[in-house]
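Structure at a glance
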Amino acid sequence: MASLPPESLCLEVQHLKPEVTRRMERAQWVLNSPDPPGIWHELVGSIKETVFPRGNEFCPSSTKQPRASPAASFLRGLFPILSWGRNYKASKFKNDLMAGLTIASLSIPQSIGYANLAKLDPQYGLYTSVVPPLIYAVMGSSREIAIGPVAVVSLLISSMCQRLVDPVADPVAYRRLVFTVTFFTGTFQAVFGFFRLGFLVDFLSHAAIVGFMGGAAIVIGLQQLKGLLGISKFTTKTDVISVLEAVIRSLHHTEIPYKFRSSTIKVGSHEWYPLNFALGCSFLIFILITRFIGRRNKKFFWLPALAPLLSVILSTLIVYLMKADEHGVKIVKHFRGGLNPSSVNQLQLNGPHVGQAAKIGLICAVVALTEAIAVGQTFASIKGYHLDGNKEMVAMGCMNIVGSLTSCYAATGSFSRTAVNFSAGCQTVVSNIVMAITVLISLELFTRLLYFTPIAILASIILSALPGLIDINEAYNIWKVDKLDFLACFGAFFGVLFSSVETGLLAATLEASTRRHGKTKESHGTIMVKAKREKKGFEPSELASGYRHRTVFCLSR
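A short tour of the structure in this document, coming up. (Residues numbered from 1 in each chain as written. Predicted model: local features only at pLDDT ≥ 70, side-chain atom pairs only at ≥ 80, totals over all residues. Heavy atoms only, no water.)

Another point: the overall build of the protein chain. Of regular secondary structure, the protein chain possesses 23 helices and 5 strands. The buried share among the 557 residues of the protein chain stands at 46%. Partitioning the contacts of the protein chain with sequence separation of at least 6, the portion at a separation of at least 24 is 80%. Roughly 28400 Å² of accessible area belongs to the protein chain as shown, and the carbon and sulfur atoms make up 63% of that amount. (Helix = DSSP H or I, 4+ residues; strand = E, 2+ residues; numbered from the N terminus. Buried < 20%, exposed > 50% of the residue type's maximum accessible area, 1.4 Å probe, protein only. Contact = heavy atoms within 4.5 Å. Areas by Shrake-Rupley, 256 points an atom, 1.4 Å probe, with all protein chains shown as cover.)

A few words on helix 13 (residues 274-296). Every α-helix carries 3.6 residues per turn, so stepping three or four residues along brings you back to the same face. The terminal C-alpha atoms of helix 13, which comprises 23 residues, lie 33 Å apart, in line with the 33 Å expected from a rise of 1.5 Å per residue. For helix 13, the complete set of buried residues consists of Asn276, Leu279, Gly280, Phe283, Leu284, Ile287, Thr290 and Gly294. In this structure, the buried residues of helix 13 make contact with helix 11 (225-229), helix 14 (302-322) and helix 19 (455-465). (Expected span 1.5 Å × (residues − 1).)

A word on helix 10 (residues 206-223). For helix 10, built from 18 residues, the straight-helix expectation of 26 Å at 1.5 Å per residue is met to within 8% by its first-to-last C-alpha distance of 25 Å. A large share of helix 10 lies buried, amounting to 16 of its 18 residues.

Under the defined criterion, the tally for this structure stands at 1 salt bridge. Among the salt bridges present, the one from glutamate 144 reaches lysine 383, with a minimum N-O distance of 3.2 Å. Taken together, the residues span a long stretch of sequence, with glutamate 144 in the loop between helix 7 (131-139) and strand 1 (146-148) and lysine 383 in helix 15 (residues 354-383) at a distance of 239 residues. (Salt bridge = Lys/Arg side-chain N within 4 Å of Asp/Glu carboxyl O.)

Attention now moves to the packing of aromatic side chains. By the definition in use, this model includes 15 aromatic pairs. When the centroid spacing of 6.4 Å and the interplanar angle of 40 degrees are considered together, the rings of phenylalanine 486 and phenylalanine 490 count as tilted. Residue phenylalanine 486 and its partner phenylalanine 490 are both found in helix 21 (residues 483-498); the two are separated by 4 residues, about one turn of the helix. Given the relative accessible area of 22%, phenylalanine 486 is considered partly exposed. What makes phenylalanine 490 partly exposed here is its relative accessible area of 41%. Clustering of aromatic rings is evident, with ring pairs tying together Trp479, Phe486, Phe490, Phe493, Phe494 and Phe498. (Phe/Tyr/Trp six-rings, centres within 6.5 Å; stacked < 30°, edge-to-face > 60°.)

The next thing to look at is the packing of helix 15 against helix 16 (residues 389-404). It is at 11 Å that the axes of helix 15 and helix 16 come closest, and there the two elements cross at 125 degrees. Relative to helix 16, the element helix 15 lies oblique. Here helix 15 and helix 16 pass one another in a crossing that is right-handed. Here Leu369, Ala372 and Ile373 of helix 15 lie close against helix 16, whose contacting residues are Gly389, Met393 and Met396. Per-class residue counts for the contact of helix 15 with helix 16 are 5 nonpolar, 1 polar and no charged. (Axes fitted to C-alpha atoms, helices over the stretch in contact; angles between N-to-C directions. Parallel < 35°, antiparallel > 145°, perpendicular 65-115°, else oblique. Left-handed = near helix turned anticlockwise from the far one by under 90°. Nonpolar A, V, L, I, M, F, W, Y, C, P; charged D, E, K, R; others polar.)

Listed below in structure tokens is the structure:
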């Protein structure tokens, strides 16, 4: 076999020298990477990126657009309504008006029910549907998301706060603790957004969220048995064993015989009332039927949205006309209306439970952000626009901070109400403003009419919203794709179900962080091995024999 002439070999070696030099420099950069920027440099850069949405406006080389002042850019970044509000048209307001009225009809009964789940008086649920939506409307960037109280956050607050203060024995101290927790929730959310710490939310993986939501939905459903059966006293624990024991004990341990005229069965020191069960189940079936009709025929999307409000109105009339409250039907009774009162002096920032309140606020902040950003990004992808997660965190944080000062508890984006808002044809967040104004009018004018609202109806409304939190198909997909992810889902589900909400969240977080740490170590080891191999490959003998490197290295990652 003829060998190459010396001139050709020299030309090939000279041709390979620049490539060899680049590879050696790349390997040296990987093995001896420079130090990252300082912490203050990172923080300042994060705040600039969050606050100033279009940094290139301050670039001297940018001549296509007029330069905006830093103050104007800051205001547009913090209040997106200043940008899109200039192009808002009456045709959009017509759609937003109808969507806002539709979600208000769903928000009023749900807010009352979720306040009951959070162990608060019903008006605080309505307060939470007034101020936070208004704040988000001027600071948020999602067009479809509907803000207000949600079931999972209400369960988190009640399950953890009642361990510190008994809501029955001392409702005033419990309410102050909830406002303090809401303040910390908003503070953590705003800090996450300003310093671009959204990666902290990723500690709850998608699989963990699926398991946690499913377990929380079952726990919430079991908690509603108290209102659905009309049980006077109930367990304060949230695990399924304690709840079922309380229900069975109330149903079977009877000491006083059945009374026909009062329709009650006395069971030891507790009472359960069959009329509550009959009333609640009847309207639960009605709500589910309307939902089935709305899904089969998209033209009737408004029917399942109006069904909870119709249930409240009809059941209240039935109780009032038949005087069912005198026959054992539990009713709301105390219902304070009017504008949101100030709660600034009720925050306990120097109280004995401030440390625990901060911990609960951190948990609520992460869970609320996870749900809200997931909901917002889902519908933003459908509409084809980008949603900035960091700005959403700032908006959520500010609305909860202001909410804690105006008698509200932690609010976030509701998937069920957002879906209704989307189906109703909303165009902008003005639908949230319409909803908040409608709820405010109801607080001013109609709260006295809700005095006879049966608690069983509130329980049935919450029960009707729970199936959307249980995603069996997604859990099955997780099982098929990644067994370790399914383990996180499994642990979160059973942790919530058989221990407590905190245990489920802790199990999910530990599993997710362990997996992420393992993947990071594996990725780091792979990079180092490839770099060392690449460095060893730059020997002159290998170059002379026509060595070709086969490893593709991507520094952008």
